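Topology and contacts: notes
Residue strings, one per chain:
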Amino acid sequence: MISSVSTKLNSSKKLLNVVSYTTVANNTSKNCNNKSIYNILRRKRDRQGLVDVEAFENNETTVYPRSRQGLDYELNWALNGYSITPSYSAYRNPRLPLLLQHSNGVTDKNNVLISSSNQEPKTVENLFLDEALVSNNNGGKIISIVDYKLILEKVKENISNSTNIYVHDSAVGSCRDVESKIRFVTNDAVSSLFVKHLLPNTTPTQVGQFKHQLTVYCVPEFKFEDSNQQQQQFPSSFNVIDTKRGIAVIVGIQSTENIRNVISSISTNDLMNTHKDTIGLSSADIYASSTTDASPLLIFNNDGFLLNKKFESGKVVSQGAIWSKNSLSRLYNSITYNFESIAQNQFDLIEKFVGSKKVNTTVPIKFESNSFKQPSSVVFIIKDNSGVIPAFSQLNAEQAQKYFVSGFVGDDVYQPFFIKEQNTTQNIQKAELFKNLIKDGGVNVYIINPVSFQKDAEVDKLLGSIISGKVGKSQQSDVYTTLSPIQVSSTTQSKNVEEIKKLAKSFESKLEKQVKSLLV
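Model, not experiment: these values are computed from the prediction. Sequence positions are assigned chain by chain, starting from 1 and proceeding in written order. Totals for whole chains, interfaces and linings use every residue, but because this is a predicted model, local features are given only for residues with pLDDT of at least 70 and side-chain atom pairs only at 80 or more, for both listing and counting. Heavy atoms from the whole structure form the basis of all side-chain values; hydrogens and water molecules are not counted.

1. Observations concerning the sheet that holds strand β20 (residues 359-364)
Adjacent strands of a sheet pair through backbone hydrogen bonds, lying either parallel or antiparallel. When DSSP finds two or more bridges between a pair of strands, those strands are recorded as paired. A run of H or I in DSSP counts as a helix once it spans at least four residues, and a run of E counts as a strand once it spans at least two, with each numbered from the N terminus. Pairing is mixed in the open sheet, where 5 strands are placed in the order β5-β6-β19-β20-β18. Of all strands in the sheet, those with a lone pairing partner are β5 (106-107) and β18 (334-337), marking the two edges. Of the pairings in the sheet, the one linking strand β6 (residues 113-117) to strand β19 (residues 349-353) comprises 5 bridges and is parallel in character. In the sheet register, Ser117 faces β19, and the bridge partner there is Phe353.

See below:
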């Protein structure tokens, strides 16, 4: 019955994981098979999960072992092209139940994963190959090509020797017209689960045909073990960002928030180089009405103010945005909250760190569309206790650019809104693009200072008025040059005019200085 048996042994045993046998069966012998129903059932039972019985009976050639979950020859060959040779199992776009099963942590009654890691490092060092990027990032350092190649080699070796490798072929951006395709490779199931929630899907292709602009390697448990010099040269947790080649390496224990920031940093650079009229805004929320089809708002706030509220005017439908003159879309497919109660569905992820009260809760977005109407308004939510920022005010395009660049978030604190993560683009390029999108689109721009209101309900009502377009006219002011106040009721008692003038003069002087320093 068996005419020949041959053994194929690949030059890299790791790549195929096992020895592969090819069996050639004589089709003429099929007629001699016992047709007993008991023999047929026995064969199906014995081969269940291992062999496609129908294909085995009909085909002349059968290869053992068959591809299965964790053993994908095409994926293994693709990884080998990156100098990653799987020792055990490798998964492409793994399913959520598998990731939950592989993840370290505990699950609650709803199958929400609660992952507790060692203490999060206070600082994560960012290493760049481009000296110009070092000057744009406080605390950033330069890395030589030699050291970069060494890190890549060691990281890929670490991934190769892992029990499980997870590969995500996805995109940054929900709209196909402006997406950046990304291949994310990790040996950590929790990081993989987070990225599974985070990254939007893209056009499905065979693994060898997936053309991507970005590649990220993530190895939370990586350590240099063969050289004391290497251990002293590199911290326990660091990122290497290579914008020229679209590569990022995430090393050591880091939060999911940092993984998100690293992905944002390399994708923003690619986005602006590929689509000249498009800007990635990781610090902006898309806020849409829950009851009407009105155009959404693009809202900048520093502390997730809107994520903690249940407003009637609308809700946050995207944390991060991609904005161009033709489209507005999500940057990612999940939202990260700083409290646990929001996690109520299977596969939601709660991340905690030993010795810290910090919580990152990642919840996938339920969406009906991958793109939105152009925003009717841009809103800066600035919580300022000094009294210098009015309760409600309007800005023109030039004034909006200044607040966007300076990142004034209240109480003499500046955290530029144009970048929330590692800065890999030119500040002036982003600032000009932001201003032009406002001008060309006829977009209104407002500032809301929640501190000035007695109740959050008043802020909710104000956001509803902005969505509906029913906003009072701004007033001419001899106090401010960077904004125009709009009169609203139900605000707390403000300081006297002379005191406000004094504060405004000092504030606007600092604002101008901050803008100039960042647009050099």
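2. Topic: the environment of Thr163
Looking at where Thr163 falls in the secondary structure, it is placed in the loop between α7 (145-160) and β9 (164-172). Whether two residues are in contact is decided by their heavy atoms, any of which lying within 4.5 Å being enough. In contact with Thr163, not counting residues within four places along its chain, are Tyr88 and Ser89.

3. Notes on the packing of aromatic side chains
Working definition: rings of Phe, Tyr and Trp (its six-membered ring) pair if their centres are within 6.5 Å, and the pair is stacked with planes under 30 degrees apart, edge-to-face with planes over 60 apart, and tilted otherwise. Tallied over the entire structure, the rule returns 18 aromatic pairs. On the numbers, 5.9 Å between centres and 15 degrees between planes, the contact of Tyr91 with Tyr166 is stacked. A residue pair is termed long-range when its members are at least 10 positions apart, and Tyr91 in strand β4 (residues 89-92) and Tyr166 in strand β9 qualify at 75 residues. Taken as a pair, Tyr91 and Tyr166 share a single burial class, namely buried. Ring geometry for Tyr403 versus Phe507: centroids 6.3 Å apart, planes at 40 degrees, classification tilted. Linking Tyr403 in helix α11 (residues 397-406) with Phe507 in helix α14 (residues 497-518), this pair joins segments that are 104 residues apart in sequence. Among the residues examined, Phe507 registers a relative accessible area of 6% and is labelled buried. Grouped by ring-pair contacts, the aromatic residues Phe300, Trp323, Phe380, Tyr403, Phe404, Phe408, Tyr414, Phe417, Phe434 and Phe507 constitute a single cluster. The cut-offs for exposure are 20% and 50% of the maximum accessible area for each residue type, with area from a 1.4 Å probe on protein chains only; residues under the lower value are buried, those over the upper are exposed, and the others partly exposed.

4. Side note on the layout of surface pockets
Cavity and pocket criteria rest on a 1 Å grid covering protein atoms alone: a 1.4 Å probe that fits but cannot get out defines a cavity, protein on both sides within 12 Å along at least 5 of 7 lines defines an open pocket, and an atom within 4 Å of a point defines a lining residue. Grid points are joined across faces, edges and corners, and a volume is the space filled by probe spheres set on the points. Taken as a whole, the second largest pocket holds about 950 Å³ of empty space. Considering the residues around the second largest pocket, the lining is formed by 31 residues, among which Lys315, Val316, Val317, Ile335 and Tyr337 are closest to the centre. For the lining of the second largest pocket, the secondary-structure elements that each account for two or more residues are β14 (278-288), β16 (315-324), β18, β20 and β21 (371-372). By residue number, the principal contributor to the lining of the second largest pocket is β16, which donates 3 residues. Residue polarity follows a fixed list, in which Ala, Val, Leu, Ile, Met, Phe, Trp, Tyr, Cys and Pro are nonpolar, Asp, Glu, Lys and Arg are charged, and the others, Gly among them, are polar. Tallied by class, the residues present in the lining of the second largest pocket amount to 16 nonpolar, 9 polar and 6 charged.

5. Remarks on the sheet that holds β21
Ordered by their spatial adjacency, 9 strands build an open sheet running β21-β17-β16-β14-β15-β22-β26-β23-β27, and the pairing between neighbours is mixed. Of all the strands in the sheet, just β21 and β27 (484-485) have a single pairing partner and so form its edges. With 3 bridges joining them, β16 and strand β17 (residues 328-330) adopt antiparallel strand pairing. Along β17, the bridge assignment pairs Trp323 with Leu328.

6. Brief notes about the confidence of the model for the protein
Do not read the predicted coordinates in detail wherever pLDDT is low. By definition, pLDDT measures how confident the predictor is in each residue, and it falls between 0 and 100. Scored by pLDDT, the protein has a mean of 85; 85% of the residues are at 70 or more. Note on residues 1-33: pLDDT is under 50 here. Beyond four places in sequence and across chains, it has 64 contacts.

7. What to know about the pattern of salt bridges
A side chain with one charge may pair with a side chain of the opposite charge, provided their charged atoms come close. Salt bridge criterion: a side-chain nitrogen from Lys or Arg within 4 Å of a carboxyl oxygen from Asp or Glu. Taken as a whole and judged by the stated rule, the model has 15 salt bridges. As a salt-bridge pair, Arg92 and Asp169 come within 2.8 Å of each other at their nearest N and O atoms. Here the residue Arg92 occupies a position in strand β4, and Asp169 occupies one in strand β9, the gap between them amounting to 77 residues. Arg92 sits in the partly exposed class, given a relative accessible area of 24%. Note that Glu432 is salt-bridged to Lys435, the shortest N-O span being 3.5 Å.

8. Remarks on the nonpolar core
Formed by 45 residues in total, the largest nonpolar core has its most connected members in Trp323, Phe380, Tyr403, Phe404 and Phe434. Take the buried Ala, Val, Leu, Ile, Met, Phe, Trp, Tyr and Cys residues and link them wherever side-chain atoms come within 4.5 Å; each set so joined is a nonpolar core. Formed by 36 residues, the second largest nonpolar core is a distinct cluster that contains Leu98, Ala189, Leu271 and Leu349.

9. Topic: empty space enclosed by the protein
In this structure the tally under the stated criterion is 1 cavity of 30 Å³ or more. Here the largest cavity is characterised by a volume of approximately 40 Å³. In terms of lining residues, the largest cavity is bounded by Val172, Ser180, Ser267, Thr268, Leu271, Gly280, Ile322 and Leu331. Here the element with the most residues in the lining of the largest cavity is helix α10 (residues 256-274); it accounts for 3 residues.

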